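Residue-level structure breakdown
Read off the chains here:
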Number of protein chains: 2
Amino acid sequence: MRIAQVAPLTEAVPPKLYGGTERVVHWLTEELVTLGHDVTLFASGDSQTSAKLDATWPKALRLDGSVRDPNALHMVMLERVRQKADDDEFDFLHFHLDYYPWSAFSRQPTPYVTTLHGRLDLPEHQPVFNTFSKIPVISISNAQRRPVPQAHWVRTIHHGLPENLLTPQPVKPSYLAVLGRIAPEKGVDRAIKIATRCGIPLKIAAKVDRADQEYYDELIKPLISGNPLVEFIGEITDREKPDFLSGALGLLVPIDWPEPFGLVMIEAMACGTPVIAYNRGSVPEIIEEGLTGFIVEDEISAVSSVGRLETLNRGAIRKQFETRFTARRMALDYLAAYRSLMESKPRFQLVASAE
Amino acid sequence: MRIAQVAPLTEAVPPKLYGGTERVVHWLTEELVTLGHDVTLFASGDSQTSAKLDATWPKALRLDGSVRDPNALHMVMLERVRQKADDDEFDFLHFHLDYYPWSAFSRQPTPYVTTLHGRLDLPEHQPVFNTFSKIPVISISNAQRRPVPQAHWVRTIHHGLPENLLTPQPVKPSYLAVLGRIAPEKGVDRAIKIATRCGIPLKIAAKVDRADQEYYDELIKPLISGNPLVEFIGEITDREKPDFLSGALGLLVPIDWPEPFGLVMIEAMACGTPVIAYNRGSVPEIIEEGLTGFIVEDEISAVSSVGRLETLNRGAIRKQFETRFTARRMALDYLAAYRSLMESKPRFQLVASAE
């Protein structure tokens, strides 16, 4: 199948550092190529891919200080996709750019779908999904759909990781872990309180975005400095994650927002590490209570769950990852969605039109 | 003619306070209605218009703290325009939304044009105009076109004001004036130095955006406080402008950026007030040297021009405004552009298509 994958230009595919959407697009693209498909990846020029790369701009925009208006380049990229679609170069188009393609691509014959990667509960989402209620969209969790039932949901496809990207390491687990980004919605303050009440060391491997520096300095740093149990080790790479996660008794995910998916939970599972997560957004779909972790509602039940972490079987957690959250499973789910949309949308012949 | 005017949702049409694009759209829309056309204005719901208002969102987005992603609502608005265009409700579409409509609207039969309201010399403008080189666009000055000669320029149409919005008042001019916004590119520091060297009072009627508060506090405020010649009077309304401008010996426009148009210059002319402006962007197209003001290159020649302000005839300046910069002239220019684009674009019949 000739497939276009259209990624944001914000980060490279895969991202050099932190970054969810472009990382998932990378894993999906690589699997589709492995499965024998002819994939064109529309992305920034510093992307690495086994597919054909169509680069709209040489450098990922978050690292390119020269560009003031990233929307302009996304519109240029979409026009490149549209021109190639007009020339019938693709059997299927897969967008990862929210609502940007919808007005233009709803009026062209190549079948297409958009995976929504973010939260959908902001006031502006109502008119968006009212207006574009016929556009096929894929959710990354069922929870993500809740605020906009009027959208044309095709199916939910959970993210997946390459099976052997992160594997369990032979180290003795000895601490609680936080992995990701320091921001109010990630609840790192809660993680510190939980670990402190348990008297167990906490290691925080997290990025601090410029936008969150003040939050870190004023609210998180005072909780860390002088706390002998807490160690802040900063941002880590995929290479460092297996040791970091395998060494953890459990990963704390004390989120305070409607998490659309939460890649970090399946990264932990890939290493056999159980997860203690607050019951928000996608959490109950990802974590199997008492098998891969515990779902909690507050600090008290989080603390008591920590005491039960050792009852979980790390081999069984890894097995669950292999069954439910590999990139191969994700790619096969997407291929099934592509095929079903290709069948449901008869491709008209353009006989005569103003286009 | 059935005309769609598509404004940004950022400010109301007209803006409650400062704001260029939506103000021009307002004047143009009112004139087109006066001239007997059937105009639909796509804008925020707090807009005031004699046209039919199609409101995508109740409140201008800059004042609506609930909306995080203004692009989403602009895409919704464009889809509303597109659906009405598909239903053949308009003879002509006039966009004021940069590149946003181009991919979708280049593939539909209703003739359309986009007025570009901003600077076009950023790095991302090159791929935008390379990719969309067939899209008809209107410049608001010839200078604005320079960085992107590859665009499909239809014509330059200078902005215009309603003829009697601002008129000369019988007050004795006694100070130099600055009107607009305090920001690095507006060069208010230069204006203060010029007035101080001339020993003439300077009145600054200007808005300070939140983004520019630090610039104001650190660089401009120290030049004002303790300077007996300089008075900062803050943002003023259109109602206050005739007295403010008529009382000025001259308006200082010491800009330090490629000004695409500069409404403030024609506001001064409407009151018969001469302008001293730095030779950047549109300035030599708007100011007639020795008639409506002086074009200068640096502080020295600005200071010497102040001494020659009284040689200019304020009645002649007002006459030039009436000849060149009324909203009526602007509307007639736009109608001519619409008609020429309607003639050059044969409207195909959609016989059979995938759309």
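As the structure is a computational prediction, the values presented were derived from the model and not from experiment.

Notes on the overall build of chain A
For chain A, the count of helices and strands is 13 helices and 13 strands. For chain A, the C-alpha radius of gyration of 21 Å lies close to 20 Å, the compact-globule estimate for 355 residues. In terms of overall dimensions, chain A has C-alpha extents of about 75 × 45 × 35 Å along its principal axes. Each of the 355 residues in chain A was classed as buried or not, and the buried ones make up 58%.

What about the domain arrangement of chain A?
All names here are of chain A. Partitioning chain A into structural domains gives domain 1 (2-160 + 327-344) and domain 2 (175-324). Put simply, the middle of domain 1 and the middle of domain 2, counted by C-alpha atoms, are 28 Å apart. Opposite the 22 residues of domain 1 that make contact, domain 2 presents 19 residues. With both sides pooled, the region where domain 1 packs onto domain 2 buries about 1500 Å², and carbon together with sulfur makes up 58% of that total. At the surface where domain 1 touches domain 2, the tally comes to 1 salt bridge. Scanning the region where domain 1 abuts domain 2 turns up 5 residue pairs in polar contact (both at pLDDT 80 or more). Elements with a minimum of two residues in the side of domain 1 that touches domain 2: helix 1 (21-34) and helix 5 (142-145). Per-class residue counts for the side of domain 1 that touches domain 2 are 6 nonpolar, 10 polar and 6 charged.

Section: empty space enclosed by the protein
Counted by the stated rule, this structure contains 1 cavity of 30 Å³ or more. Lining the largest cavity we find Met 75, Leu 78, Tyr 100, Ser 103 and Ala 104 of chain A together with Met 75, Leu 78, Tyr 100, Pro 101, Ser 103, Ala 104 and Phe 105 of chain B. Sorting the residues of the lining of the largest cavity by element identifies helix 2 (70-86) and helix 3 (102-105) of chain A together with helix 2 (70-86) and helix 3 (102-105) of chain B as the ones contributing at least two each. If one sorts the elements of the lining of the largest cavity by residue count, helix 3 of chain B sits on top with 3 residues. Split into classes, the residues belonging to the lining of the largest cavity amount to 10 nonpolar, 2 polar and no charged.

Some details on the side chain of Asp 46 of chain B
Residue and element names in this part refer to chain B. For Asp 46, the position within the fold is in the loop between strand 2 (38-43) and strand 3 (52-55). Of the side chains with opposite charge, Lys 16 comes closest to the buried, unpaired Asp 46, at an N-O distance of 4.6 Å. Beyond its immediate stretch of four places on either side in the chain, Asp 46 contacts Ala 12, Lys 16, Pro 58, Lys 59 and Ala 60.

Focus: the packing of aromatic side chains
The final tally for this structure, using the stated rule, is 22 aromatic pairs over all chains. Judged by centre distance (6.3 Å) and plane angle (70 degrees), the ring pair of Phe 261 of chain A and Phe 325 of chain A falls under edge-to-face. With Phe 261 of chain A in the loop between strand 11 (248-253) and helix 9 (263-270) and Phe 325 of chain A in the loop between helix 12 (314-324) and helix 13 (327-344), this residue pair connects regions lying 64 residues apart in the sequence. One exposure class covers both Phe 261 of chain A and Phe 325 of chain A, and it is buried. On the numbers, 4.4 Å between centres and 25 degrees between planes, the contact of Phe 92 of chain B with Tyr 338 of chain B is stacked. Of the two residues, Phe 92 of chain B is situated in strand 4 (residues 92-95) and Tyr 338 of chain B in helix 13 (residues 327-344); the sequence distance between them amounts to 246 residues. Given a relative accessible area of 0%, Phe 92 of chain B falls into the buried group. Members of the aromatic cluster, connected to one another through ring pairs, are Trp 102, Phe 129, Phe 132 and Trp 153 of chain A.

Description of the pattern of salt bridges
Oppositely charged side chains can pair when the atoms bearing their charge come close. Residue and element names in this part refer to chain A. Under the defined criterion, the tally for this structure stands at 51 salt bridges over all chains. As a salt-bridge pair, Asp 209 and Arg 181 come within 3.9 Å of each other at their nearest N and O atoms. Here Asp 209 is found in the loop between strand 9 (202-207) and helix 7 (213-224), whereas its partner Arg 181 is found in strand 8 (residues 175-181), with 28 residues between them in sequence. Two residues, Arg 280 and Asp 256, come together in a salt bridge whose shortest N-O distance is 2.8 Å. Taken together, the positions of Arg 280 in the loop between strand 12 (275-278) and helix 10 (283-286) and Asp 256 in the loop between strand 11 and helix 9 put the pair 24 residues apart, joining distant regions of the chain. Looking at Arg 280, the relative accessible area reads 30%, which means it is partly exposed. Among the ionic contacts, a cluster of salt bridges with common partners joins Arg 181, Glu 185, Lys 207, Asp 209 and Asp 212.

Focus: the UniProt feature "domain: Glycosyl transferase family" (unreviewed entry) in chain A
In the numbering adopted here, UniProt assigns the feature "domain: Glycosyl transferase family" (unreviewed entry) to residues 170-308 of chain A. Along residues 170-308 of chain A the backbone is 35% helical and 22% strand, and the end-to-end C-alpha distance reaches 21 Å.

Overview of the sheet that holds strand 3 (residues 52-55) of chain A
All names here are of chain A. The strand order across the open sheet built from 7 strands is 3-2-1-4-5-6-7, with neighbouring strands paired in parallel fashion. For this open sheet the edge positions go to strand 3 and strand 7 (152-156), each flanked by a neighbour on one side alone. Neighbouring strand axes in the sheet, compared pairwise and without regard to direction, differ in orientation by 25 degrees on average. The pairing of strand 2 (residues 38-43) with strand 3 spans 4 bridges and is parallel.

As for the environment of Arg 324 of chain B
Residue and element names in this part refer to chain B. The residue Arg 324 is located in helix 12 (residues 314-324) in this model. A relative accessible area of 22% means that Arg 324 is categorised as partly exposed. Linking Arg 324 and His 159, residues 165 residues apart in sequence, is a C-alpha distance of 9.2 Å. Residues within four places of Arg 324 in sequence aside, it is in contact with His 158, Glu 285, Ile 286, Glu 288 and Arg 329. Within the structure, the side chain of Arg 324 is placed 2.7 Å from the backbone oxygen of Glu 285, a separation counted as a polar contact. In this structure the side chain of Arg 324 is engaged in a polar contact, spanning 3.5 Å, whose partner is the backbone oxygen of Ile 286.

Considering the environment of Leu 251 of chain B
All names here are of chain B. Residue position: Leu 251 is located in strand 11 (residues 248-253). Looking at Leu 251, the relative accessible area reads 0%, which means it is buried. The sequence separation of Leu 251 and Val 178 amounts to 73 residues, and the corresponding C-alpha distance is 5.9 Å.

Looking at unusual backbone geometry
In this structure, Pro 14 of chain A follows Val 13 of chain A across a cis peptide bond, with omega equal to -5 degrees. By the secondary structure assignment, Pro 14 of chain A is in the loop between strand 1 (2-6) and helix 1. Not every positive phi belongs to a glycine, and Asp 88 of chain B is a case in point at roughly 60 degrees. With respect to the helices, strands and loops of the structure, Asp 88 of chain B is situated in the loop between helix 2 and strand 4. Here Asp 88 of chain B falls in the partly exposed class, since its relative accessible area comes to 41%. With a phi angle near 55 degrees, Asp 98 of chain B is a residue other than glycine that sits in the positive phi range. Within the element layout of this structure, Asp 98 of chain B appears in the loop between strand 4 and helix 3. By relative accessible area, Asp 98 of chain B is classed as partly exposed at 34%.

Digging into helix 12 of chain A
Residue and element names in this part refer to chain A. Every buried residue belonging to helix 12 is among Ile 317, Arg 318, Gln 320 and Phe 321, and all of these are buried. Viewed end-on, helix 12 has its buried residues packed into an arc of 155 degrees, placing them on one side of the element. Seen from the buried face of helix 12, the exposed residues on the opposite side, beyond 90 degrees, are Lys 319 and Thr 323. In this fold, the buried residues of helix 12 make contact with helix 9. The N-terminus of helix 12 is capped by Asn 313, whose side-chain oxygen sits 2.7 Å from the backbone nitrogen of Gly 315.

Cut-off values and rules
Residues numbered from 1 in each chain as written. Chains lettered and ligands numbered in written order. Predicted model: local features only at pLDDT ≥ 70, side-chain atom pairs only at ≥ 80, totals over all residues. Heavy atoms only, no water. Helix = DSSP H or I, 4+ residues; strand = E, 2+ residues; numbered from the N terminus. Rg over C-alpha atoms; globule rule 2.2 N^0.38 Å. Buried < 20%, exposed > 50% of the residue type's maximum accessible area, 1.4 Å probe, protein only. Domains from an automatic or database assignment. Contact = heavy atoms within 4.5 Å. Buried area = accessible area lost by both parts, 1.4 Å probe. Salt bridge = Lys/Arg side-chain N within 4 Å of Asp/Glu carboxyl O. Polar contact = N/O pair within 3.5 Å; in protein donor to acceptor, adjacent residues only side chain to side chain. Nonpolar A, V, L, I, M, F, W, Y, C, P; charged D, E, K, R; others polar. 1 Å grid on protein atoms, 1.4 Å probe; cavity = no way out; pocket = protein on both sides within 12 Å on 5 of 7 lines; lining within 4 Å. Points joined across faces, edges and corners; volume = space filled by probe spheres on them. Lys, Arg positive; Asp, Glu negative; His and termini not counted. Phe/Tyr/Trp six-rings, centres within 6.5 Å; stacked < 30°, edge-to-face > 60°. UniProt positions renumbered as here; feature names shortened; annotations may be inferred. Pairing = 2+ DSSP bridges. Axes fitted to C-alpha atoms, helices over the stretch in contact; angles between N-to-C directions. Arc of directions from axis to C-beta.

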